[in-house]
Amino acid sequence: MDKLLIQNRIRQLRFEANEMTQQALADHVGITRQTVIALEQGKYYPSLELAFRIALLFAKPLEQVFQVEV
Amino acid sequence: MSFHEKSAWASLLAIGVVFTPYLVVVLRQPLAFGILIVAVIALVLILTGFHIVNAISSKLIRERGVTPPIDELDRMIELRAAKYAGFVLACAVLTWCLFALVFVSAWGVSAGGEPSNLAEFRVPVTQALTAVHWLFASFVLANCVYYASIVVGYRKLAHG
C-alpha cells in the first residue's frame, strides 16, 4: 500500500498566532523544538494525540491543520 | 543539534574510547579483566563531564534547569535503534554459541582431554575468559549500534 503524503499548516498557523516561536509551540504541546522543525518540514508525521494537541492549541479542526495530499 | 543527539554522540564516542582499548587488552591478556573497573569509572567520568559541559553550554537547559523532555519522535528513534541493536546482539550471541560449541572441544583436546570422552574435557581458564570477553565485546558492539542508530536517526531528520 502506498504511503499517504500528509501536509500541515503548522508554520502558517504559528505566524498567525502572534508569530509564535517553534520553542513556544514545542513547550505548549510537550515536544522538543527539533520535533516541531521535523513536523513543519514534513519529515515526521505526528501521532493522533499530538496532532489533536496541535489543532487544539491553534483552536482549529484537525483537517485544517493536517491535510492528506491525493 | 539537539540535546538528545549530543547525548547519543557522547555515549557512542565514550564507549568507543573506553572499551576499544579495554577489549584490545583483555583479548590479548584474558586474566587482566580487573581493568573493567577502571573502564567503567572512566566511562562514568566522561559521560558526567559531557553532561556538565552540555548543560552549561545549552541556553535552554541553563534557563530552565532541566533537560529537554523525550518526546514521541525521540522515542521512535530510540525504539528503532533498540531494534537494530537487539538484532546485532542476537546475531552476535548466536555466533558466539556456535563458535563455543565448536571450540570447547578443540580447547579441551589441547588441554589434554580425551577426544573420545567429551565429559572429561577441561577448558583452560584463559580460553574460558577469552570466550567471556568476546561475549562482552558483542554487548559493547550492540551498544555502539544502538547509539550510532540514534545519531543516524537524528542526522536523517536534519538532512533529509
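For clarity, every value in this text was computed on a predicted model and none was experimentally measured. All residue numbers refer to position in the chain's written sequence, counted from 1. Whichever chain is written first is A, and whichever ligand is written first is 1; the rest continue in order. Side-chain atom pairs in this predicted model are given and counted only at pLDDT of 80 or more, local residue features only at pLDDT of at least 70, and totals for whole chains, interfaces and linings cover all residues. Working from all heavy atoms in the structure, the side-chain values ignore hydrogens and water.

Peer 1: Looking at this model, I keep getting lost on the overall build of chain A. Mind explaining?
Peer 2: Within chain A, the regular secondary structure consists of five helices and two strands. N-terminal to C-terminal, the α/β element order of chain A is β-α-α-α-α-α-β. Relative to the compact-globule value of 11 Å for 70 residues, chain A shows a C-alpha radius of gyration of 12 Å, a close match. Any residue under 20% of the maximum accessible area for its type is buried, any over 50% is exposed, and the rest in between are partly exposed; the area is computed with a 1.4 Å probe on protein chains only. Out of the 70 residues in chain A, the part that is buried amounts to 37%. Put simply, of all contacts in chain A between residues at least 6 apart along the chain, 56% involve residues at least 24 apart. Each accessible area is a Shrake-Rupley estimate made with a 1.4 Å probe; only the visible protein chains count as cover when residues are assessed. When the accessible surface of chain A is totalled, it reaches about 4,500 Å², and 54% of it is carbon and sulfur. Where the 8 positive side-chain charges of chain A centre and where its 8 negative ones centre are 4 Å apart. Strands are runs of DSSP state E lasting at least two residues, helices are runs of H or I lasting at least four, and both sets are numbered from the N terminus onward. Restricting the calculation to C-alpha atoms gives the radius of gyration, and the globule rule supplies 2.2 Å times the number of residues raised to the power 0.38. Working rule for contacts: check all heavy atoms of both residues, and any pair within 4.5 Å makes them a contact. Positive charges come from Lys and Arg, negative ones from Asp and Glu, while His and the chain ends are left out of the count. For the purpose of locating charges, the reference atoms are NZ of Lys, CZ of Arg, CG of Asp and CD of Glu.

Peer 1: Please explain the interface of chain B and chain A as it appears in this structure.
Peer 2: The partner chain A presents 14 residues to the 16 residues of chain B that form the contact. Note on terms: buried area is the combined drop in 1.4 Å-probe accessible area of two parts once they are placed together, counting the loss on both. For the pairing of chain B and chain A, the buried interface totals around 1,100 Å² over both sides, and the portion due to carbon and sulfur atoms is 52%. Among the residues chain B hides against chain A, the three largest losses belong to Asp71, Glu72 and Leu157 of chain B. Together they make up 46% of the total. By convention in these notes, a salt bridge is any Lys or Arg side-chain nitrogen within 4 Å of a carboxyl oxygen on Asp or Glu. Taken together, the links from chain B to chain A amount to zero salt bridges. Mapped onto the side of chain B that touches chain A, the elements with two or more residues apiece are helix H3 (59-64), helix H4 (72-110) and helix H5 (125-159) of chain B. Each residue belonging to the side of chain B that touches chain A can be placed in one class, and the counts come to eight nonpolar, three polar and five charged. Any residue outside Ala, Val, Leu, Ile, Met, Phe, Trp, Tyr, Cys, Pro, Asp, Glu, Lys and Arg is labelled polar, Gly included; the first ten of those are nonpolar and the last four are charged.

Peer 1: So what exactly am I meant to see when it comes to unusual backbone geometry here?
Peer 2: All names here are of chain A. Within the chain, asparagine 18 stands out as a residue other than glycine whose phi angle is a positive 55°. Phi is positive for glutamate 19, which is not a glycine, with a value near 50°. Turning to its location among the elements, glutamate 19 is positioned in the loop between helix H1 (10-16) and helix H2 (22-29).

Peer 1: What is the right way to look at helix H2 (residues 35-57) of chain B in this model?
Peer 2: Owing to its 3.6 residues per turn, the α-helix brings residues three or four apart onto one side. Expected span, for any helix, means 1.5 Å times one less than how many residues it has. Across its 23 residues, H2 of chain B extends 33 Å between first and last C-alpha, which sits within 8% of the 33 Å expected from 1.5 Å per residue. Turning to H2 of chain B, the residues buried within the fold contact helix H1 (3-28) and H3 of chain B.

Peer 1: Which parts of the structure should I look at to understand the UniProt feature "transmembrane region" (unreviewed entry) in chain B?
Peer 2: Residues and elements named next belong to chain B. UniProt positions are given in the numbering used here, feature names are shortened, and annotations may be inferred rather than shown by experiment. What UniProt calls "transmembrane region" (unreviewed entry) maps, in this numbering, to residues 7-25, 31-53, 84-111 and 131-154. For residues 7-25, the helix share is 100%, the strand share is 0%, and the end-to-end C-alpha distance is 27 Å. When the span residues 31-53 is considered, its composition is 83% helix and 0% strand, and the gap between its end C-alpha atoms is 36 Å.

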